[in-house]
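Here's the letter readout for the chains.
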Amino acid sequence: MDKFRTLFQHFQSSSESVMNGICLLLAMVTVKLYSSFDFNCPCLACYNTLYGLGLLFTPPIALFLCGLLANRQSVVMVEEWRRPAGHRRKDPGIIRYMCSSVLQRALAAPLVWILLALLDGKCFVCAFSSSVDPEKFLDIANMTPSQVQLFLAKVPCKEDELVRNSPARKAVSRYLRCLSQAIGWSLTLLLIVLVFLARCLRPCFDQTIFLQRRYWSNYVDLEQKLFDETCCEHARDFAHRCVLHFFASMQSEMRARGLRRDSAGRGPETPERPEPPNCLDGGSGKAHLRAVSSQEQVDRLLSAWYSSKPPLDLTASSGLWGCGLSHRAPTVVPGTRASPHTDV
């Protein structure tokens, strides 16, 4: 389970190559799903349009949501948009850049489904067979309105007895399929032209703003991921120290009880002083994690990270955004007043 979680977090990383690979994988899954899907139009006038349009747009919506879920930057973008300003100002340009990047990758699979459905034409024929103008087809023009409605509703079902050998059915079906393919190829050409223009015209403009927004969007993503990893590291270290502290205190209590029970027959023995829990695993270079050593401090730290993130200036004093997590009394130099905030 841990290996699966690690692999999933790797695929959720902010690397553009990995995210592009996920988009390509979703597109391939879309092609496979559409090719294996058995399309059956209901051939009823009141349901054809609903079924055809539903099959044309409902799977793309589901694929779009899957693309958002698979992209870690979508969650980071919402968190950056909704977080309090605190000591760090919020740049709307970074949020717009992240939103554009997320939408571009999430729309890949839905567009593939829509283009495949339009080029295939079955959904379009089912959805709009009842909307064809009967005056364009001579064999239908001589029918009564009720017969026309029933005939057009049966056009997608070529095996139906009413339209099995009818040339009018083939003409209506061919007309709608050609119209669907024309829309599909036009949309494909439009998307290719837009991507071509975006790639070719972008170097013609100033790249400074683009590079800045790209850098800071990657920074926000990496900062949140490093914070989560550090929290996991602190939780493991904190749990380890709590367990050691529990066993050390229990050992001292057991020794004290044993001394009281055997004090009548033995002389007093000097009990061994247990090692402080902070020294049992000392020297590992985790002083910045061990400074937070109580539940109240952890809660205060997490609250401070959400409500007031540190400024993006390493030269600034830590007192500007420190949250006073230490419970120890500050050292006061004679002749000076104690600071209301205590550094960790």
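About the thresholds
- Residues numbered from 1 in each chain as written.
- Predicted model: local features only at pLDDT ≥ 70, side-chain atom pairs only at ≥ 80, totals over all residues.
- Heavy atoms only, no water.
- Helix = DSSP H or I, 4+ residues; strand = E, 2+ residues; numbered from the N terminus.
- Buried < 20%, exposed > 50% of the residue type's maximum accessible area, 1.4 Å probe, protein only.
- Contact = heavy atoms within 4.5 Å.
- Areas by Shrake-Rupley, 256 points an atom, 1.4 Å probe, with all protein chains shown as cover.
- Disulfide = S-S within 2.5 Å.
- Salt bridge = Lys/Arg side-chain N within 4 Å of Asp/Glu carboxyl O.
- Phe/Tyr/Trp six-rings, centres within 6.5 Å; stacked < 30°, edge-to-face > 60°.
- Lys NZ or Arg CZ within 6 Å of the ring centre and 35° of its normal.
- Patch = residues over 30% accessible without salt bridge, like charges linked within 9 Å, V, L, I, M, F, W, Y side chains within 5 Å.
- UniProt positions renumbered as here; feature names shortened; annotations may be inferred.

A. Fine view of the overall build of the protein. Scanning the protein for helices and strands turns up 14 helices and zero strands. Listed N to C, the secondary structure of the protein is α-α-α-α-α-α-α-α-α-α-α-α-α-α in terms of helices and strands. Per-residue burial for the protein yields a buried fraction of 28% across its 344 residues. Excluding contacts between residues fewer than 6 apart, the proportion of contacts in the protein whose partners are at least 24 apart in sequence is 71%. Accessible area of the protein: about 23200 Å², with a carbon and sulfur share of 63%.

B. Here's a closer look at the state of the cysteines. For the structure on display, the rule yields two disulfides. Across the disulfide, Cys41 is cross-linked to Cys126 (sulfur-sulfur distance 2.1 Å). With the S-S dihedral at roughly 70 degrees, the linkage between Cys41 and Cys126 falls on the right-handed side. Here Cys126 lies in helix H7 (residues 122-128) and Cys41 lies in the loop between helix H2 (16-36) and helix H3 (48-70), a separation of 85 residues in the sequence. No difference in accessibility class separates Cys41 from Cys126, as the two residues are buried. Linked covalently through their sulfurs, Cys43 and Cys157 form a disulfide whose S-S length is 1.5 Å. Taking the torsion about the S-S bond as the criterion, the Cys43 to Cys157 disulfide, at about 95 degrees, is right-handed. Remark: Cys157 occurs in the loop between helix H9 (145-153) and helix H10 (167-201) and Cys43 occurs in the loop between H2 and H3; sequence separation between them is 114 residues. A relative accessible area of 3% places Cys43 in the buried class. No disulfide involves Cys200; its sulfur sits 8.3 Å from that of Cys204, the nearest cysteine.

C. Representation of the pattern of salt bridges within the structure. For the structure on display, the rule yields six salt bridges. Across the pair Asp228 and Arg72 runs a salt bridge whose closest N-O atoms are separated by 3.9 Å. In this pair, Asp228 is assigned in helix H11 (residues 208-261) and Arg72 in helix H4 (residues 72-82), connecting sequence segments 156 residues apart. Given the relative accessible area of 34%, Asp228 is considered partly exposed. Since its relative accessible area comes to 15%, Arg72 is described here as buried. A salt bridge links Glu223 to Arg88; the shortest N-O distance between them is 2.8 Å. Linking Glu223 in helix H11 with Arg88 in the loop between H4 and helix H5 (92-106), this pair joins segments that are 135 residues apart in sequence. Put simply, Arg72, Asp221 and Asp228 are held in one network by salt bridges that share partners.

D. Summary view of the packing of aromatic side chains. Inspection of the entire model under this criterion finds nine aromatic pairs. Relative to Trp113, the ring of Tyr34 has its centre 5.1 Å away and its plane inclined at 90 degrees; by these criteria the two rings are edge-to-face. Here the residue Tyr34 occupies a position in helix H2, and Trp113 occupies one in helix H6 (residues 108-120), the gap between them amounting to 79 residues. Each member of the pair Tyr34 and Trp113 is classed as buried. With centroids separated by 4.7 Å and ring planes inclined at 40 degrees, the aromatic side chains of Phe124 and Phe128 adopt a geometry described as tilted. Note that Phe124 and Phe128 are positioned in helix H7 at a spacing of four residues, about one turn of the helix. We classify Phe128 as partly exposed; its relative accessible area is 29%. An aromatic cluster is built from Tyr215, Trp216 and Tyr219, whose rings are joined through pairwise contacts. It is Arg82 that lies over the ring of Trp81; its NZ or CZ is 5.6 Å from the centre.

E. Representation of a nonpolar patch on the surface within the structure. A contiguous nonpolar patch, built from Leu189, Val193, Phe196, Leu197, Leu201 and Phe205 and spanning about 610 Å² of accessible area, is present on the exposed surface. Checked against the element boundaries, Phe205 lands in the loop between H10 and H11. With a relative accessible area of 58%, Phe205 lands in the exposed category.

F. A look at the environment of Lys154. By secondary structure assignment, the location of Lys154 is in the loop between H9 and H10. Placed 24 residues apart in sequence, Lys154 and Ser130 show a C-alpha to C-alpha distance of 8.9 Å. If near-sequence neighbours (up to four positions away) are discounted, Lys154 is found in contact with Cys43, Asp160, Leu162 and Val163.

G. Spatial organisation of the UniProt feature "transmembrane region" (unreviewed entry) in the protein. Under the UniProt annotation, the feature "transmembrane region" (unreviewed entry) is placed at residues 21-37, 49-70 and 178-198. Counted over residues 21-37, helix gives 94% and strand 0%. Its end C-alpha atoms are 24 Å apart. In residues 178-198, the share of helix is 100% and the share of strand is 0%. The end C-alpha atoms are 30 Å apart.

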